[in-house]
Amino acid sequence: MTKKTVCIFPGQGAQYVGMGKDFFQSFSVAKETFQEADERLSFNLSKLIFEGPSEELTLTKNSQAAIYVVSMVISRVINDQLPSFTPSVCAGLSLGEYTALTVAGKLSFADGLDLVRARGLYMHEASVNHPGTMAVVLGLELEKIKVVIKDHVFIANLNCPGQVVISGTIDGIAKASELLKDAGAKRVILLDVSGAFHSGLMNDAKLKLEEKLQMVQFLESDTEIVMNVCLLY
């Protein structure tokens, strides 16, 4: 039986100040990738990643590009150290899908970075115009969550059984959190994000990104992709 290697990549919320700096200091391919990203973006993203401040890095317009670049840095270091390593399948959590497509050879690094930067800017604008946040609900079945939150917020992500992410206005999330705890949720934890992602509050960003995607050339490769499934809200 042939073994298959699967790579899965993180989405927004995984950022932290200093991520990837050890790779930058230890591997030339990592330094080159950070420099390539800075030149492509025409601003010093690397400095923001390494030094912060955290509040600036967490902003959607910065965190998405930062996570994408650091994920690609690590992937390139692995390929440089293990030239025979080739994933059979790639997948990603939301933003991580862009990394998955790039690592799978279906999207160039430059195009991926351009898309992620645009995505972050569009979502940042939507977040400013329609402020919101997200929270993860632990220990409560999906059907009960749907009933409790239906008049307040959106279902955003189904991470795994017993872990559901909700998204909406700040007041809506606060109200839904209390109702979910009363309904038996073990915990409701606010996520370190700056908007109501995967919700109807992002519709402006969705429309702008659709136009951007139409201009990108996707490539053929042997690596398979497992995409996220969109739930209609």
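Residues numbered from 1 in each chain as written. Predicted model: local features only at pLDDT ≥ 70, side-chain atom pairs only at ≥ 80, totals over all residues. Heavy atoms only, no water.

Caption draft 1: Representation of the overall build of the protein chain in the model. Scanning the protein chain from N- to C-terminus turns up ten helices and seven strands. Taking 17 Å as the expected radius of gyration for a compact globule of 233 residues, we find that the protein chain reaches 18 Å, a close match to that expectation. For the protein chain, the accessible area works out to roughly 12,400 Å², and carbon and sulfur atoms hold 54% of it. Charge separation in the protein chain, taken as the distance between the mean sites of 21 positive and 26 negative side-chain charges, equals 4 Å. (Helix = DSSP H or I, 4+ residues; strand = E, 2+ residues; numbered from the N terminus. Rg over C-alpha atoms; globule rule 2.2 N^0.38 Å. Areas by Shrake-Rupley, 256 points an atom, 1.4 Å probe, with all protein chains shown as cover. Lys, Arg positive; Asp, Glu negative; His and termini not counted. Charge placed at Lys NZ, Arg CZ, Asp CG, Glu CD.)

Caption draft 2: Representation of the sheet that holds strand S2 (residues 89–92) in the model. Ordered by their spatial adjacency, three strands build an open sheet running S1-S2-S7, and the pairing between neighbours is parallel. Unpaired on one side and paired on the other, strand S1 (6–9) and strand S7 (224–226) mark the two borders of the sheet. For this sheet, the mean angle separating the axes of adjacent strands, direction not counted, is 20°. In this sheet, S7 lies alongside S2 in parallel orientation, the contact comprising three bridges. Along S7, the bridge assignment pairs Val89 with Glu224. Contacts from helix H6 (residues 96–103) reach S1, S2 and S7 within the one sheet, and its direction differs from that of S2 by about 160°. (Pairing = 2+ DSSP bridges. Axes fitted to C-alpha atoms, helices over the stretch in contact; angles between N-to-C directions. Contact = heavy atoms within 4.5 Å.)

Caption draft 3: Quick peek at the sheet that holds strand S3 (residues 133–138). The strand order across the open sheet built from four strands is S4-S5-S3-S6, with neighbouring strands paired in antiparallel fashion. The open sheet has two edge strands with one neighbour each: strand S4 (154–160) and strand S6 (187–190). Strand-to-strand twist of the sheet, defined as the mean angle between neighbouring strand axes without regard to direction, takes the value 25°. Pairing between S3 and strand S5 (residues 163–168): six bridges, direction antiparallel. In the strand pairing of S5, Ala135 is matched with Ile166. Of the strands in this sheet, S3, S5 and S6 are in contact with helix H9 (residues 170–182), which crosses S5 at around 145°.

Caption draft 4: Representation of the side chain of Lys106. Looking at where Lys106 falls in the secondary structure, it is placed in the loop between H6 and helix H7 (109–129). It is Glu220 that comes nearest to the buried, bridge-free Lys106 among opposite-charge side chains, at 5.5 Å. Lys106 has contacts with Leu101, Gln217, Phe218, Leu219, Ser221, Thr223 and Ile225, leaving out every residue within four places of it along the chain. (Buried < 20%, exposed > 50% of the residue type's maximum accessible area, 1.4 Å probe, protein only. Salt bridge = Lys/Arg side-chain N within 4 Å of Asp/Glu carboxyl O.)

Caption draft 5: Spotlight on the pattern of salt bridges. All told, the structure shown has five salt bridges when counted by the stated rule. A salt bridge links Glu143 to Lys146, with the nearest nitrogen and oxygen atoms 3.6 Å apart. You can see Glu143 and its partner Lys146 sitting in helix H8 (residues 142–149), three residues apart, about one turn around the helix. By relative accessible area, which is 52% here, Glu143 ends up exposed.

Caption draft 6: Region of the structure containing the layout of surface pockets. As a volume, the largest pocket reaches approximately 1,600 Å³. What lines the largest pocket is a set of 49 residues, and nearest its centre among them are Ser94, Arg119, Asn157, His198 and Asn228. Every element with two or more residues in the lining of the largest pocket is listed here: S2, H6, H7, S3, S4 and helix H10 (203–213). If one sorts the elements of the lining of the largest pocket by residue count, H10 sits on top with six residues. (1 Å grid on protein atoms, 1.4 Å probe; cavity = no way out; pocket = protein on both sides within 12 Å on 5 of 7 lines; lining within 4 Å. Points joined across faces, edges and corners; volume = space filled by probe spheres on them.)

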